[in-house]
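One-letter residues, chain by chain:
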Amino acid sequence: MLLGYRMRTRTTNYVARLFAGDLSTFGGPATDEAMAGHIRAEQMSLVLGYSVGIMLGNACNAIVLAIALWQSPDRTLALIWAGTVAAAAIGFGLQSRASRRIIKPQFVSRRTMHRLVRNAFILGVAWGIVPVAFFADASTGGQLVITCLCSGMLAGGALAFATIPIAAIAFTAPIFVGIAICLGRNGDMAFVLIAFLVVVYGSVLLRGVFVNSFAFARRVMRQIEAERTVRLDPLTHLPNRVAFNETLDAALKRQSLSGEEFAVLLLDLDRFKEVNDRLGHPAGDEFLVQVASRLQRCTRAAEHVARIGGDEFALVMANLGRPEDALDIAERFVAAFAEPFPIEGRQIVGATSVGIVLAPRDGNTPLDLMKNADAALYRAKKAGPGTIRFFEEADDKVSRDRKALQADLAGAIARNELFLVFQPFLDLGTNEVTGLEALLRWQHPTRGLVPPSEFIPIAEETGLIHGIGEWVIRRACATLAEWPEEVRVAVNFSAAQFHNAGILQTIVQALADAKVSPSRFEIEITESMLLSKYGSAASILKALLQLGVTVALDDFGTGFSSLTYLRKLPFSRIKIDQSFIRDMLAQPDCAAIVKSVISLARDLRIGVVAEGVETTGQLEYLRQIGCDEVQGYLISRPVAADAVMALLETRKPRATYAA
Ligand code: C2E
Ligand code: MG
Ligand code: MG
């Protein structure tokens, strides 16, 4: 019973595949359903390409036949036949012309192919009727015309369906049968010869169709495979940027044709770079692979998240019912990061921010949509990890603002708009100012004073930081030359500056030009700079250390694994981040961290500076626990270069700080 059932389903399946044009049923290359759908799409598009010609040919032939049979007794029947075939042919032709205008589909279903095979069969039957119904009573001329027409239709049909054997068979078989019936009724030797020729031609034609269709299918498979590779991200096996752009283009086209709304979700992993740099690239890759598979699980079956950049993912959500649907998916994306990622035996915590745009509301070109998605994402990232933001008009303003600021920044040095202010370090042991940190300021002609937190990131993104950084170094050295010998200057550096090997030469030159000793120049770096992406940073820093320049680790405690970095370079100072100092007196855990950093620094024989000291309470506490130096508004706000000397004169900037 079971065996019988299995046989039946297998046969049904075979027949379904056979009529769907599946070539493996004829011994051709085997394919999975996705590939078969692609091949059907290509086959269909070829047939549709011929369709107008085929249908015109059919209509013409039908008219010719009607004329040839004008004198025959079957005239009325022939006229009805010809009229029906010609009308149907023109109708089909127009219909397929219209469907060709729609974008070529990537996938054609079995059912569509079944329909094509059925239509081919109906047309074949219409022509198969001709020799049976009209040949016997036709004049010799008429018979000649019928013979020519039938051979022409056989050859034309085989050519039109050259890539779909089952359609070629469905079309030609009824004509063969018609011819066979017609010839079989007549005992003439000439007809036997004709029958022989028809069989020979038919076999050659069919053989040709098979060979051609197999070669065609293989070519399509190779091409699709190649296209798949071009559109696939090799690491995560998700669609890549090329594929994403195509999906976006297609969605926009559908939008303009049918008004179908859609959303674009843009994702950026939070702190991915740190994972990558701390654990190495193989672990970073593994992280991305796991993220990719979690993201893909959040989407609807027909949609694919694409990886469009290092840690950037994007999704086009077609057929959007309500904007909330996009929010649902975005929330699922964010929730996918709730569990940590097991990587190389560790548990890595990740997060993503999401920016959402709706089309056509937020744009109707790929450029506008992506720009606005970027602006929404930027706002999401600013609000913290795991945030989702829809695009708002205000974002557009923010991003335009950033662009304008960027353009202005490019000319800021030339227009003399940048200047340095200096904030002192106070030695708690001697109560003397031991040095000053140079902090950059930008006096914008219309916006007023722009804080570094606003323009330094722009300078870093655009590469302007190199020129600006050089200017800061020269300016700081030149100012330093005017200060007493024992006072140092500390200059902040961005990671990107160490990308450029010329930085070493710049510093050496600036020190030489200002005639100041390298030991008075301190570099402040944050740990992010020591990450592997800037592999050259460590070697440049080491060269500078050999010159006698000192290096301080800024914002200590805010990074990923600050302690690890203490081993990487011989730092001369640690600067405890102001967030710890601010909360130190209220929160015991902050106090514990500050205390242990100070004792650690002492053990390592490294100096320690507390940043952001604002109250005498904080100052006293720091003095008690043995902090070396302090910096903050309590001692002095950053002051202009020409006020530094006055500040140094007092030595003990404010008498109240004395113990
Ligand atoms: P940073 O190096 O950690 O500098 C300390 C920041 O804290 C400065 O902000 C300073 O004005 C502020 N500050 C100092 N004392 C106090 C205090 O008691 N309370 C509070 N609330 N804040 C205090 P600023 O000048 O806005 O600089 C911000 C950041 O911009 C700097 O952080 C530094 O990372 C960066 N930066 C400044 N100048 C440059 C530069 O020339 N190059 C580079 N690459 N970055 C710079
Ligand atoms: Mg600093
Ligand atoms: Mg700092």
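Refer to the structure printed above.
Just so you know, these numbers come straight off a predicted model, no measurement behind them.

Caption draft 1: Up close: the sheet that holds strand 1 (residues 262-269). The mixed open sheet is built from 5 strands, whose spatial order is 2-3-1-6-7. With partners counted over all chains shown, the strands left at the sheet margins are strand 2 (306-307) and strand 7 (388-390), one partner each. Direction of pairing for strand 2 relative to strand 3 (residues 312-317): antiparallel, over a ladder of 2 bridges. When the sheet's bridge partners are listed, Ala306 is paired in strand 3 with Ala314. Relative to the sheet, helix 12 (residues 366-382) contacts strand 1, strand 3, strand 6 (352-359) and strand 7, its axis offset from that of strand 6 by approximately 145 degrees.

Caption draft 2: Expanded view of the coordination of the magnesium ion (ligand 3). Only Asp554 (OD), Asp555 (OD), Glu611 (OE) and Glu611 (OE) from the protein coordinate the magnesium ion (ligand 3), and they sit 2.0 to 2.7 Å from it. Each donor residue of the magnesium ion (ligand 3) belongs to the same chain, with the gaps between them written as D-D-x55-E. A separation of 4.1 Å is found between the magnesium ion (ligand 3) and the magnesium ion (ligand 2), which are bridged by Asp554. Of this pair, Asp555 sits in strand 13 (residues 550-556) while Glu611 sits in the loop between strand 15 (607-610) and helix 21 (616-624), and the two are 56 residues apart along the sequence. We classify Asp555 as partly exposed; its relative accessible area is 25%. Judged by relative accessible area, Glu611 falls into the buried class, the value being 6%.

Caption draft 3: Highlighting unusual backbone geometry. Following Ala359, the chain continues to Pro360 via a peptide bond in cis, the omega torsion being 5 degrees. Looking at where Pro360 falls in the secondary structure, it is placed in the loop between strand 6 and helix 12. Phi is positive for Asn319, close to 50 degrees, though the residue is something other than glycine. As for its placement among the helices and strands, Asn319 is situated in the loop between strand 3 and helix 11 (323-335). On the basis of relative accessibility, which here comes to 54%, the residue Asn319 falls in the exposed class. One non-glycine residue, Asn416, adopts positive backbone phi at about 65 degrees. Among the secondary structure elements, Asn416 is positioned in the loop between helix 13 (393-410) and strand 8 (418-427). Judged by its relative accessible area of 65%, Asn416 falls in the exposed class.

Thresholds applied
Residues numbered from 1 in each chain as written. Chains lettered and ligands numbered in written order. Predicted model: local features only at pLDDT ≥ 70, side-chain atom pairs only at ≥ 80, totals over all residues. Heavy atoms only, no water. Pairing = 2+ DSSP bridges. Helix = DSSP H or I, 4+ residues; strand = E, 2+ residues; numbered from the N terminus. Contact = heavy atoms within 4.5 Å. Axes fitted to C-alpha atoms, helices over the stretch in contact; angles between N-to-C directions. Donors = N, O, S within 2.8 Å, 3.2 Å for Na, K, Ca; no water. Buried < 20%, exposed > 50% of the residue type's maximum accessible area, 1.4 Å probe, protein only.

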